[in-house]
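One letter stands for each residue in the lines below.
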Amino acid sequence: MGTETESRSVVGSELSANDRTRLERAFSIPRGRFLLGIPVALLILLWSAGGVGFDFLKLGQGSLNMVEFLGRLIPPDFSKISTILELLLETLQMAIVGTVLGVVFSLLMAFCSASNIAPSWLYYPSRWVMNVIRAVPDLVFALMFVSAVGLGPFAGILAMTLGSVGSIGKIFAEAMEAVDKGPVVAMQAVGASKRQVVQYGILPQAAAPLVSYTLLLFEGNVRGATILGLVGAGGIGLELTTAMRMYDYGHLSAIIICIIVLVTIIDQGSALIRRRIT
C-alpha cells in the first residue's frame, strides 16, 4: 500500500504545474456555461414542443385506439409465409448490394472530404456535395430512380447507394480525420508519398471504426429497404403497404414479425463482429 502511494507521489512530482492544471481542467465542468445552458435547452425544447403541438394528454386519450389497433394484429396470419420470405430475401439482397456500393463510393468521397488527406480545393466541394445528398430524403431518390429505371429492386439499390454516400461518407471522413497524427507526421517526415501515408498511416488506424460504421449502414439499409418498397422500389415494403390498405391485419402482423426477426438476427451478427474487431 505504501509503495503504491509513493509511486503516485513520484508521478505527481514529475508533472509540471502547467501539465497538472491542464489535466485538472480536462475533468472540470464549466459550471457557468453549464448552468446557463440548462434553461436555454429547456426553452428550446418547450418552444419546439409547442410549435409541433406535442401533447401528452392527447397521447393518453389516443392510447385506447393504439391498443385496439394492436389487438387487430393478433393472431398473425402466416398463410402467405412463402411470399413474405421471398420478399424479405429480396430486401436483404438489396441491402447487401446497396451497402457494398455505398461503402465503395463513400470511401471515395471520404478521401476527397477528409481535411488531413484532401487539398482545400477538393475538400470543400466534396463536403458540399455530401450535404446536398444528405438533405434529400431517400424516398425522393427512390422516386427519381423508379421513374428512370422502372419499378423494382434495382431502383431501390440505386437510391440506397446514393443516400449512403451522403450519410456514411461524412462519417468515414471524420473517422479518418480523428486518427493519431503522430504516425502520419512521422511518415511525412521520412518522405512518404500521399498514397503511402493514407495506406499505412491513416487506414490502419481508421479500420475498426470504418468496419463498425459499415455494419451500422447495413443495418440501416435493411430497414431502409423496407421503406423504399412503399414507392415501388422493391423489397417487402409494397407488400406491407398493400396489407395495410386491404386491412389484412393478420398478414400485416406476420410481415412485421418476420421483419423484426430479420433485423434482430442482423443486429446480433453485427454485434458479434464488432466485439471481434474491437
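For the structure given in this document, a descriptive report is provided here. (Residues numbered from 1 in each chain as written. Predicted model: local features only at pLDDT ≥ 70, side-chain atom pairs only at ≥ 80, totals over all residues. Heavy atoms only, no water.)

The next thing to look at is unusual backbone geometry. Residues other than glycine predominantly adopt negative phi, and peptide bonds predominantly adopt the trans conformation. Following Ile74, the chain continues into Pro75 via a peptide bond in cis, with omega recorded as 0 degrees. Structurally, Pro75 is set in the loop between α5 (63-72) and α6 (81-113). A positive phi angle, near 55 degrees, is found at Tyr247, a position not held by glycine. Turning to its location among the elements, Tyr247 is positioned in the loop between α12 (237-245) and α13 (249-277). (Helix = DSSP H or I, 4+ residues; strand = E, 2+ residues; numbered from the N terminus.)

Per the counting criterion, the structure on display carries 1 cavity of 30 Å³ or more. One number sums up the size of the largest cavity: a volume of about 30 Å³. The residue makeup of the lining of the largest cavity, split by class, is 3 nonpolar, no polar and 3 charged. (1 Å grid on protein atoms, 1.4 Å probe; cavity = no way out; pocket = protein on both sides within 12 Å on 5 of 7 lines; lining within 4 Å. Points joined across faces, edges and corners; volume = space filled by probe spheres on them. Nonpolar A, V, L, I, M, F, W, Y, C, P; charged D, E, K, R; others polar.)

End to end, α13 covers 42 Å across 29 residues, agreeing with the expected 42 Å (1.5 Å per residue, within 8%). Within α13, burial applies to Tyr249, Gly250, His251, Leu252, Ser253, Ala254, Ile255, Cys258, Ile259, Leu262, Ile266 and Ser270. Packed against the buried residues of α13 are α5, α6, α11 (194-228) and α12. (Expected span 1.5 Å × (residues − 1). Buried < 20%, exposed > 50% of the residue type's maximum accessible area, 1.4 Å probe, protein only. Contact = heavy atoms within 4.5 Å.)

What follows deals with the side chain of Ser164. Of note, Ser164 is situated in helix α9 (residues 153-177). For Ser164, a relative accessible area of 2% translates into the label buried. Those residues in contact with Ser164, other than ones at most four positions away along the chain, are Gly98, Gly102, Ser106, Gly169, Leu217 and Asn221.

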